[in-house]
Amino acid sequence: MFASPPLQAVPNHQGHPRQNAARWMVLAMALASAVSATAQTASAIGNGPSATPTVQPPSAGHAQLSLEDIIQIILAHNPQLRATEMGKSAAQAGVTAAKAWPNPRLETVQGRNVAQMPGLATGPVRGWGVSQLLENPVARQARADVARAKEKESGYEILQTRNALIAQVRSIYYQGLQHQAHTQAAADAVQLLEQVRERVRLRVSTGEAPRYEIIKADAEIISARERLQTASLMVQQSQLELNRLAAGQLPPGWKLTGELDQTPEMQAVSHLMELVLKNNPDLLVLQAEQDRALARLSEARAERLPGVELRLSQVRDAEWRQNQLSVGVQLPLLDTRQGPIAQASAELQRAQIRLEGHQAQLRQQVMLAWKSMEMARLRIEALSQGALREAEAALRVAQAAYRFGERGILDVLDAQRVLRSVRTDLIDARFQLQAARIALEELTGQHSLSNSL
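Residues numbered from 1 in each chain as written. Predicted model: local features only at pLDDT ≥ 70, side-chain atom pairs only at ≥ 80, totals over all residues. Heavy atoms only, no water.

What follows deals with the confidence of the model for the chain. Chain-level statistics for the chain give a pLDDT mean of 81 and a share of 85% at 70 or above. Low confidence marks residues 1-61, where pLDDT is under 50. Its contacts with residues over four positions away, or in another chain, come to 94 contacts. (pLDDT = per-residue confidence, 0-100. Contact = heavy atoms within 4.5 Å.)

Structure below.
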């Protein structure tokens, strides 16, 4: 993968016409093969300056997890998602509490009647009373509507958390694949540089090349090994981040599997806008918040007349018994509930402004993500079909020229550096394409529609 044919050190003899013709024929064959074929993998030579780290395939004992496997484990164990789900249970309990009737009130009276005049009986006085508040049905219905709106909002919050969580997992997953591709490209570059260094060492030892060429080759190998180690550590960092989201429930020694070069389908912007306004979890949460604020305003207005209190009581002493049935109404004279009404009205306006503003913001985010996806796709086409082939061809020409002493080692190293830069840009462009697709899927709420991926 991304390697070139082995170089062979050929002394730079001059003079014989047949030898010169043979050299030019080899150069012409290298130019022709550069247009039609990709670079073949070079076999590593183990007599370099030091041992070279290579990318080993995962062992049989290591679990290889696909994106779907990782998402299912994270959805089952992520603490934030589980806490959000418990919030819905609390909201359901709130609906039950809102529908509950107020408890009746029981009173007892114990006393003693003391006669102040002759002829009156003296004895104990006993009494009891029962009162029940009959709520205003409008206020009761408004309170229940507030609780149901909160329950609905809690359900949308679960979709919101799930949608954002899956988008985050997919982004980290493709970052891991990006770092894996950089690791493989860096390993191929190290192998190729070791071959170059070996050929340079042979030429320097025979006096055909100056000493600085071996110094330059060693410096390039050190830099390539550092890039390889950095890319390997970035892969491990992505794995640790995914395991953190799964609350440490991913199996030990697991490996990422998948391809970074998948090409997603481009959808029309108008269709994406419709999906955003219909399925975006953030909008659904804001709409439920607006409905709850509207119900809260109705509740605040209805609470000016809380209800009617019925009371039945009885008082008995030694001579007589008194029965009473009374009706109590709270008059809104001192407290007309203007404060709660104004507060609920302000919350309603705030929810409406947030909803409208977020709708406008989502439209711009969809356009930006769609443009990013289109630019990444065009960049991939330009790099894979043009720049990469030209860089590979230039490297093969430089290698062929170096074999026959027509070019120096610096030309070969420069060609390798250009090819490495093009491959890095191609890998990054493929990741940018996937990142733009993930952003569009998150905006359109694709991850919250069903449990399937």
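The structure having been displayed, the exposition proceeds.
So, on to the packing of helix α4 (residues 137-205) against helix α8 (residues 338-403). Between two packed helices, what matters for the description is the angle formed by their axes and the separation of those axes. Taken N-terminus to C-terminus, the directions of α4 and α8 make an angle of 20°; their axes are 13 Å apart at the nearest point. Judged on the interaxial angle alone, α8 and α4 are roughly parallel. Relative to α8, α4 is oriented so that their crossing is left-handed. Of the residues in α8, those in contact with Leu 192, Arg 199, Val 200 and Arg 203 of α4 are Leu 395, Gln 399 and Tyr 402. Partitioning the contact of α4 with α8 into residue classes produces four nonpolar, one polar and two charged. (Axes fitted to C-alpha atoms, helices over the stretch in contact; angles between N-to-C directions. Helix = DSSP H or I, 4+ residues; strand = E, 2+ residues; numbered from the N terminus. Parallel < 35°, antiparallel > 145°, perpendicular 65-115°, else oblique. Left-handed = near helix turned anticlockwise from the far one by under 90°. Nonpolar A, V, L, I, M, F, W, Y, C, P; charged D, E, K, R; others polar.)

Using the criterion set out here, one finds 23 salt bridges in the structure. In this structure, Asp 145 and Arg 148 form a salt bridge, with 2.8 Å as the shortest nitrogen-oxygen distance. Within this pair, Asp 145 and its partner Arg 148 are both found in helix α4, separated by three residues, close to a single helical turn. Between Lys 216 and Glu 220 there is a salt bridge whose closest N-O contact spans 3.6 Å. Here Lys 216 and its partner Glu 220 are both found in helix α5 (residues 212-245), four residues apart, which amounts to about one turn of the helix. By relative accessible area, Lys 216 is classed as partly exposed at 30%. Shared partners join several salt bridges into a network, and the residues in it are Lys 216, Glu 220, Asp 414 and Arg 417. (Salt bridge = Lys/Arg side-chain N within 4 Å of Asp/Glu carboxyl O. Buried < 20%, exposed > 50% of the residue type's maximum accessible area, 1.4 Å probe, protein only.)

Here we come to unusual backbone geometry. Non-glycine residue Ala 247 carries a positive phi angle of around 60°. With respect to the helices and strands, the residue Ala 247 is situated in the loop between α5 and β4 (255-256). Since its relative accessible area comes to 36%, Ala 247 is described here as partly exposed. One non-glycine residue with positive phi stands out, namely Arg 337, at about 60°.

Attention now goes to α4. Helix length check: α4, at 69 residues, gives a terminal C-alpha distance of 101 Å against a target of 102 Å (1.5 Å per residue), a fit within 8%. One or two steps after α4, the chain reaches Gly 207, where phi turns positive at roughly 80°. (Expected span 1.5 Å × (residues − 1).)

Approximately 340 Å³ is the volume found for the second largest pocket. What lines the second largest pocket is a set of 20 residues, and nearest its centre among them are Ala 185, Ala 186, Arg 227, Arg 420 and Thr 424. Elements supplying a minimum of two residues to the lining of the second largest pocket: α4, α5 and α9 (409-443). In terms of residue count, α4 provides more of the lining of the second largest pocket than any other element does, eight residues in total. (1 Å grid on protein atoms, 1.4 Å probe; cavity = no way out; pocket = protein on both sides within 12 Å on 5 of 7 lines; lining within 4 Å. Points joined across faces, edges and corners; volume = space filled by probe spheres on them.)

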